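Chain residues, written in single-letter form:
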Amino acid sequence: MLEVVSRRLGIRPTERRMVARLFWLHFALITSYTLSRATRDAVFLATHRAQLLPYIFIALAFFTALVSVLLGRASRQQQLQRSLAQMLVLCGATLFGFGLLFHLQRGPVPPIAFYLWNGAYGLILVSLFWALVSEAADPREARRLLGVIGAGGILGGMVGGAVTSAIGAAIGPESMLYLAGAILLAVVPLVSRVLDAGSSRAIPVVSEPVDERPLLRDLYVRRVALFFLVGGVTASLLDYQFKVALQVSSGGDRMQMARFLGYYYTVLNAGGILLQLLAAGYLLRRFGASNVSGLLPTGLVVGTTLALLRPPSLLLATGLRMWDAGMRVSLAKSAWEFLFFPLPSGLRRRAKTFVDAVVDRFSEALAGLLILGFVAVVGTSPRAFSLMIFLFSGLWMWANWRLQRAYVRQLSTSLRRLVVDDAETAEGPAEAQIIQEAHHMLASTFERRALYAFELLERMDPVGLDRRLGELQDHPAAGVRARAVGRLADPAHPLASPLLRNILHDSSPAVRDAAIQLYAARYGDAQTQMEEMLESSNAAARAAALTHLVSRSDAGSEPAVAARLDSFLESGAASDRRAVAQALAKRPRSPFLHAKLLQLLGDADLDVRRDAIATAGAVRLREFVPALVPLLSQTATREAARSALAAYGNRVVGTIGDYLADASVAIAMRRELPRVLAEIGTQEAANELLRVPFTTDSVLLTRLVKAQNKIRRRNSKVVFPRVAVREALQRDIEQWLRLHMHVETWEREDRSRARDLLLGSLQERLEVTFGRIFRRLGLLYPAEEIFLGYRALAGGQSRRTRAQALEYLDTTLLPEDRRLLVPLLEEPDRRLVLAESLYGIRSFDRVSSLVDLVRGTDAWLQACALFVIGFARWEDLADLVRGALGPEASPLVQETATWSLARLEES
Amino acid sequence: MKETLTTIEKALFLKELEFFSQVGIEQAAEIAALAEEVHFEPGHVIFQASDPSAHVFLVIEGNIIAEKDGIVTTVIGAGKGFGDLTLTPEGLYGFDARTVEHTHVLRFSIDDLVETMHEHPEMAVGMVRALALRLREASQQLADLGRQLQDSPPCGEDPSS
């Protein structure tokens, strides 16, 4: 029975005990407070006139602020549970004290003192309670649990009211304070047991350093405070309107008013508890806290608009008041608790107390002043009063809208802080390690190694590399010095000009070559130097001169230049062929001279090929494209070919797209094409990436998405059609679930080399697919925040950080995207259910998993599954292995299937 | 002993080495596909100190003796790499490598390996770690040797006196 109720209410078995304790604690607090509030009103009205109340409200605002500040300071370094327990003891004892005082002395001062104390302690206790809830449950859990915990408070209000009616008159209001105090003292032991010590929920003594800044210096806290201030004023105005309408309608008949209020509170509490138990959790999960929070002010705007159009009536005033009060104790109350989650723990508690105790009271005082001013200036016109409420409702809706925007930003900031904090405690990211190693390697005296580091840093840490360009001019390796000069050749580079003349005297020809090109481009006296060098016996010097000749000659001297190029090409030395390839890069487009490049693109020497590729990229003649694309599949020329093709820009996008979409093109070549399109980075390039039909090659799939991310990062104006992205997202999620099922299966199997290989491969795929899903989301939403969400969810982060990330996604994603993502965000046990219900994917056993993998289209996983079969010698699956040996199978699959079959036949 | 390993077997072998500990298993298979599997008979000279360096070798099975000027500097066993680990083409190996028994190795061209590092920088991290470990081992050996030399009595002296 308990299990069924818990399930219906969305409470998980591990949460039951905590929720029950929080529910009863809330129940007790509100029951006690209701009893003491009834006493407060009774003893005050018995000794003072009601007209004194507006002054009491104002005094109460200041008194509450003072008490909350003093208590806040006293309990700042304490554990939250301890603070709450101490407050309960203090308040319980004080209630007993006031009970005694009322029996001993009947003067006018004790009722005022009690009114003030009651108004302050009630809010502070409740505020501390909710601060405890927000520490104990993360935002994700809060969506499910706040409804139930909040219901405890409503039930407490109902029971408190019923007890007051039943025994108040019999024992006297003063005696009810003993009962109220006893209830508080009775639940003190419960506070320390709300959270099991040592569990992951246990709250540290001081979870974060206390933020000493004034609260209102924080923009987000200001927005929250404004929201509650305007909301509080609106509520007080509605309450006043309701009471005036009631008084007018009943003609001041006390019995009639009491009967009406009886019905009113019954309906209000019953409606509130039903709403809280049945709808709060669902609505919060389905629409998110920000939307639910907006329901109350939006409803008021609608209601007050109606009130303006129709004659004033008790029904309308009651409806509005009931909507406000009902939502405040149920849905809105739960939703508003979320507003404090993104604040740092040290600030959260202070902000919560400040809003609950100070802002709330000040809003009442402000409403009192407004009413006094309104009556003095405008009079008692109900329609004019309705107009004022309408204006405040609109203002509140606006404040809500501003707050929700700030909430998303605050979530993002909080997520960033949590992810970074968590990362600092874990091992540093791989990229940072690589960059650090690359900076060490850059100092190496081995040119190749230092060049490798240089290239790595160009891609991964260009800013860090630029900082070292000055020192690299003295690097022992000429290649590094040359690359540094090349990087400085950008005229816009701040380090360029002061170094030029010194570089011309470098001992290395390669460095001089780079410097001469730069020098010739900038200064007029280069010609003389070039002619001397053309006759040099030094190959590098001749190369530099040839470059000058090719780049400076006019169209009429092209035959002579071609002859000089031929003589270099025929010399047989690779250095001369390289000189030709490099020199042609400096020539403005000339089909006659550049035709010589085609033979160099297929040269046997790798360096010549690389130079020719670079030149092809610089010249960008269309006839080079078919020669460049195959060079992408060769490891040694891949990077150069990629840069060369990217240099063509939009002109080559269609051709690249054709190769990319063509399944008959070698996969090694297709895998490189997304990077080319990413480097081009235009809308047309993005369109070509989306034109690719669905592929099962995991590497290509990931590179397609990475390329799209890169384009978006560089150019935010590029648009990725939501429908196309969403379709791809759905496919990825389905694949992720399928992989998840396979992982579950193989985690249960006994360890072996083959099982570890398959499981490791599945987990790698799972990780890559997970990353791809977030990369796709990054095409539709702010990429940086989505990346933070990915980091928070990908593992190694704390429970609260993960929950914060989920809350961010829930708040930011459109409902249709959120629905797609549900299987990812759920707990593992729920995923299995969702996989079957949403995609018809059932759990696998060992054999069905192998069958699914071998018959699938992922060549690597096929090969791993075949390896497992052969390794374990599962002869029953021999037919499955034979079936994988089809002509369309990849070489890897064929090789592994043959090996597997041989082992099965051996056995 | 098996004559030929499948790509997957090669990948599994690579993943067990420190060099490739940082790369994924599928990437290891891609790298494995670049390797050439070679068997050497006992006493085979794989390269000499003066040979231009072009390859890096990983020992799957067997032992290699590294010699410099006729002095054995180290014995390289299964799971260890040798060759020009500075990855400097046009350099020289700087030592002789000779097998002492039937030896089974994977051979990578330096160019392929360097290009693969461009594709998978995480491999470079593994490589730096492996080299650092080897350097530490060498330093420890040197320190041990120094201690032994210090502790040993001078020539001709009676150790019992």
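Everything quoted here is computed from the prediction, not taken from an experiment.

The rules we used
Residues numbered from 1 in each chain as written. Chains lettered and ligands numbered in written order. Predicted model: local features only at pLDDT ≥ 70, side-chain atom pairs only at ≥ 80, totals over all residues. Heavy atoms only, no water. Helix = DSSP H or I, 4+ residues; strand = E, 2+ residues; numbered from the N terminus. Buried < 20%, exposed > 50% of the residue type's maximum accessible area, 1.4 Å probe, protein only. Contact = heavy atoms within 4.5 Å. Areas by Shrake-Rupley, 256 points an atom, 1.4 Å probe, with all protein chains shown as cover. Core = buried A, V, L, I, M, F, W, Y, C linked by side-chain atoms within 4.5 Å. Buried area = accessible area lost by both parts, 1.4 Å probe. Salt bridge = Lys/Arg side-chain N within 4 Å of Asp/Glu carboxyl O. Polar contact = N/O pair within 3.5 Å; in protein donor to acceptor, adjacent residues only side chain to side chain. Nonpolar A, V, L, I, M, F, W, Y, C, P; charged D, E, K, R; others polar. Patch = residues over 30% accessible without salt bridge, like charges linked within 9 Å, V, L, I, M, F, W, Y side chains within 5 Å. pLDDT = per-residue confidence, 0-100. Expected span 1.5 Å × (residues − 1). Pairing = 2+ DSSP bridges. Axes fitted to C-alpha atoms, helices over the stretch in contact; angles between N-to-C directions. Phe/Tyr/Trp six-rings, centres within 6.5 Å; stacked < 30°, edge-to-face > 60°. Lys NZ or Arg CZ within 6 Å of the ring centre and 35° of its normal.

Here we look at the overall build of chain B
Summing up its helical and strand segments, chain B has four helices and eight strands in all. Along chain B, helices and strands appear, N-terminal first, in the series α-α-β-β-β-β-β-β-β-β-α-α. Burial status across chain B gives 46% buried among its 161 residues. Within chain B, counting contacts between residues at least 6 apart in sequence, those at least 24 apart form 74% of the total. Counting only carbon and sulfur atoms, one obtains 53% of the accessible surface of chain B, whose full area is about 7900 Å².

Considerations on the nonpolar core
Ranked by size, the top nonpolar core spans 273 residues in total, and within it Leu628(A) and Leu14(B) carry the most contacts. The leading source of residues in this core is helix 5 (residues 109–136) of chain A, at 14 residues. Apart from residues lying up to four places away in sequence, Leu628(A) is in contact with Leu601(A), Ile613(A), Ala616(A), Ala641(A), Ala644(A), Leu645(A) and Tyr648(A). Grouped together as the second largest cluster of nonpolar side chains are 14 residues, Phe57(B), Val59(B), Ala66(B) and Phe82(B) included.

A look at the interface of chain A and chain B
On the side of chain B, 33 residues touch chain A, which itself brings 37 residues to the contact. Summed over both sides, the interface between chain A and chain B buries roughly 3000 Å², with carbon and sulfur atoms accounting for 58% of that surface. For chain A, the biggest contributors to the area lost against chain B are Arg448(A), Tyr452(A) and Trp860(A); these three give 22% of the whole. In this structure, Arg753(A) engages Glu16(B) in a salt bridge whose closest nitrogen and oxygen atoms are separated by 3.4 Å. The interface formed by chain A and chain B includes four residue pairs in polar contact (both at pLDDT 80 or more). Mapped by element, the contributors of at least two residues to the side of chain A that touches chain B are helix 15 (430–442), helix 16 (447–460), helix 28 (606–619), helix 30 (638–648), helix 35 (698–714), helix 37 (753–780), helix 43 (859–872) and helix 45 (891–906) of chain A. Of the residues contributing to the side of chain A that touches chain B, the split by class is 15 nonpolar, five polar and 17 charged.

Points about the environment of Arg16(A)
Residue and element names in this part refer to chain A. Relative to the elements of secondary structure, Arg16 occurs in helix 2 (residues 16–47). Its relative accessible area of 24% is what places Arg16 among the partly exposed residues. Taking the C-alpha atoms as reference points, Arg16 and Glu3, separated by 13 residues in sequence, lie 9.4 Å from one another.

Points about a nonpolar patch on the surface
Residues and elements named next belong to chain A. Together, Leu226, Leu395, Trp398 and Trp401 give the surface a local cluster of nonpolar side chains, amounting to about 390 Å² of exposed area. Tallying contributions element by element places helix 14 (residues 382–425) first for the nonpolar patch, with three residues. Following the sequence through the fold, Leu226 ends up in helix 9 (residues 219–250). Leu226 gets classed as partly exposed once you look at its relative accessible area, which sits at 35%.

Describing unusual backbone geometry
Comment: phi is negative for the bulk of residues other than glycine, and the bulk of peptide bonds are trans. A positive phi is found at Arg873(A), a non-glycine position, where the angle reads about 55°. Take Arg873(A): it is sitting in the loop between helix 43 and helix 44 (878–883). The phi dihedral of Asp69(B) is positive, around 50°, even though this residue is not glycine. One can find Asp69(B) in the loop between strand 4 (64–68) and strand 5 (71–76). By relative accessible area, which is 74% here, Asp69(B) ends up exposed.

Quick notes on the side chain of Asp461(A)
Residues and elements named next belong to chain A. Mapping Asp461 onto the fold places it in the loop between helix 16 and helix 17 (462–467). Within polar-contact distance, the side chain of Asp461 engages the side chain of His439 at 2.9 Å. A polar side-chain atom of Asp461 sits 3.1 Å from the main-chain amide nitrogen of Gly464. Setting aside chain neighbours within four positions, we find Asp461 in contact with Ile435, His439 and Leu456.

Side note on the confidence of the model for chain B
Residue and element names in this part refer to chain B. For chain B, per-residue confidence averages 82 on the pLDDT scale, and residues scoring 70 or more make up 90% of the total. When mean pLDDT is compared element by element in chain B, strand 7 (residues 96–99) scores highest at 94, while helix 3 (residues 110–119) scores lowest at 79. With a pTM of 0.65, the predicted complex shows an ipTM of 0.81.

Side note on helix 43 of chain A
All names here are of chain A. Over its 14 residues, helix 43 extends 20 Å from the first C-alpha to the last, a length consistent with the 20 Å expected when each residue adds 1.5 Å. In terms of burial, helix 43 is a largely internal element, 11 of the 14 residues being buried. Of the positions making up helix 43, those classed as buried are Trp860, Leu861, Gln862, Ala863, Cys864, Ala865, Leu866, Phe867, Val868, Ile869 and Gly870. Positive phi appears at Arg873, one or two residues downstream of helix 43, with a value of about 55°.

Quick notes on the pairing of strand 5 of chain B
Look at any regular strand and the pattern is simple: side chains alternate between the two faces of the sheet. Residues and elements named next belong to chain B. Across five bridges, the pairing between strand 4 and strand 5 is antiparallel. Across the sheet, Lys68 pairs through a bridge with Ile71, a residue of strand 5. Taking the residues between adjacent antiparallel strands as the criterion, strand 4 and strand 5 are bridged by two residues, where Asp69 takes a positive phi near 50°.

Digging into the sheet that holds strand 3 (residues 55–61) of chain B
Residues and elements named next belong to chain B. Across the sheet, four strands lie side by side as 1-8-3-6; this open sheet has antiparallel pairing. Only two strands of the sheet have a single neighbouring strand rather than two, namely strand 1 (36–40) and strand 6 (81–83). Strand-to-strand, the axes of this sheet are offset by a mean angle of 35°, without reference to chain direction. Pairing of strand 3 with strand 8 (residues 103–109) involves six bridges; the strand directions are antiparallel. Residue pairing in the sheet places Glu61 in a bridge with His104 of strand 8.

Looking at the packing of aromatic side chains
Tallied over the full model, the rule gives 31 aromatic pairs over all chains. Between Phe57(B) and Phe82(B) the ring centres are 4.9 Å apart and the planes differ by 15°, which places this aromatic pair in the stacked class. Remark: Phe82(B) occurs in strand 6 and Phe57(B) occurs in strand 3; sequence separation between them is 25 residues. The residues Phe57(B) and Phe82(B) share a single accessibility class, namely buried. Feature note: the residues Phe227(A), Phe228(A), Trp336(A), Phe340(A) and Trp396(A) constitute an aromatic cluster, connected by ring pairs. The ring of Tyr115(A) has Arg40(A) lying over it, and the distance from NZ or CZ to the ring centre is 4.2 Å. When the ring centre of Tyr781(A) is taken as reference, the NZ or CZ atom of Arg722(A) above it lies at 5.4 Å.

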